[in-house]
Amino acid sequence: MTTGHITLVGGGPGAWDLLTIRGLRALEAADVILADHLGPSAELESFLDLTGKEIVDVAKLPYARQVAQERINEMLVEFGRAGKHVVRLKGGDPYVFGRGFEELQACAAAGLECSVVPGVTSAVSVPAAASVPVTQRGVTHAFTVVSGHLPPGHEKSLVDWGALARVGGTIVVVMGVRNVRAITAALVEAGLSGDTPAAVIQEGETDAQRVYFATAATLADVMEAEGVAAPAVYVVGEVAGLAHAG
């Protein structure tokens, strides 16, 4: 039996030309592409010859349509066992809240070869698109990337928000739009100054990008007033105030 090959490709934060050259070459060689909603889409399709390639939409939209991870794993195995070269095109980086390792494990358990092409993670690139560095000499030498898909105090949360408030450095929150009020309240309650600069970037690195600046105490109000929706990344830390300083 001829078996195929699976490649997990990080598509970057949204702009097609932030895809790596290695990722582009994998797409060129693919028979089947299982694509996320947040991966490069229309612009990439106009650049890449998709003739003869099967495109499967496996989007997992926040609080909306979902393709179960188990089904995605099954499709990777099914196509691989059919001898196809499969690219799993993921937003950002496959291993940064992308469940890429779960997919690699599923392929390995089925005896299929699987490789990983890193991608540009939105946790760093999206703030950069708004002139917000996650580190800056003389300001902070550390940053923490955290998922905000569960609120503080949730029984399944693995995040110690109090420790984050005390440890210092920059806090970058992804997948945290719905829980921003609970998250910022927990940080301030744990000792983070409410005056700490903050910024939120919606649909970063795309034509629809929007940026708003606030503080830890006002971020939730600003996001609510401006109708900020996912996908968005927000940054809490002194670096968020540097864009104003030039």
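Above this note sits the structure.
Residues numbered from 1 in each chain as written. Predicted model: local features only at pLDDT ≥ 70, side-chain atom pairs only at ≥ 80, totals over all residues. Heavy atoms only, no water.

## Describing the pairing of strand β2 (residues 32-35)
Phase 1: Every second residue of β2 is oriented toward a common face, with Val-32 and Leu-34 on one face and Ile-33 and Ala-35 on the other, all of them buried.
Phase 2: In the sheet, β2 pairs with strand β3 (residues 54-57) via 4 bridges, with the strands oriented parallel. When the bridges of β3 are listed, Ile-33 appears paired with Ile-55.
Phase 3: Note that β2 and strand β4 (residues 85-90) share 4 bridges and pair parallel. What sits directly across from Ala-35, in β4, is Leu-89. (Buried < 20%, exposed > 50% of the residue type's maximum accessible area, 1.4 Å probe, protein only. Helix = DSSP H or I, 4+ residues; strand = E, 2+ residues; numbered from the N terminus. Pairing = 2+ DSSP bridges.)

## Some thoughts on the environment of Thr-140
Phase 1: Of note, Thr-140 is situated in the loop between α5 (122-129) and β6 (143-147).
Phase 2: It is 29 Å that separates the C-alpha atoms of Thr-140 and Gly-11, two residues lying 129 residues apart in sequence.
Phase 3: The contacts of Thr-140, once residues within four sequence positions are left out, are Val-134, Thr-135, Gly-169, Thr-170 and Val-239.
Phase 4: Among the polar contacts listed, one links the side chain of Thr-140 to the backbone oxygen of Ala-142, at a separation of 3.0 Å. (Contact = heavy atoms within 4.5 Å. Polar contact = N/O pair within 3.5 Å; in protein donor to acceptor, adjacent residues only side chain to side chain.)

## What to know about the sheet that holds strand β5 (residues 113-117)
In a beta sheet, neighbouring strands are held together by backbone hydrogen bonds and run either parallel or antiparallel to one another.
Phase 1: One open sheet accounts for 5 strands, arranged β3-β2-β4-β1-β5; its pairing is parallel. Strands at the two margins of the open sheet, each flanked by one partner only, are β3 and β5. On average, each strand axis in the sheet is inclined to that of its neighbour by 20 degrees, with strand direction left out of account. (Axes fitted to C-alpha atoms, helices over the stretch in contact; angles between N-to-C directions.)

## A few points about the packing of helix α7 (residues 180-189) against helix α8 (residues 219-226)
Phase 1: Viewed as axis vectors pointing N to C, α7 and α8 meet at an angle of 165 degrees, and their least axial separation amounts to 8 Å. Accordingly, the angle class assigned to the pair α7 and α8 is roughly antiparallel. The two elements α7 and α8 meet at a crossing, and its hand is right-handed. Contact residues: α7 offers Val-180, Arg-181 and Thr-184, while α8 offers Leu-219, Ala-220, Asp-221, Met-223 and Glu-224. (Parallel < 35°, antiparallel > 145°, perpendicular 65-115°, else oblique. Left-handed = near helix turned anticlockwise from the far one by under 90°.)

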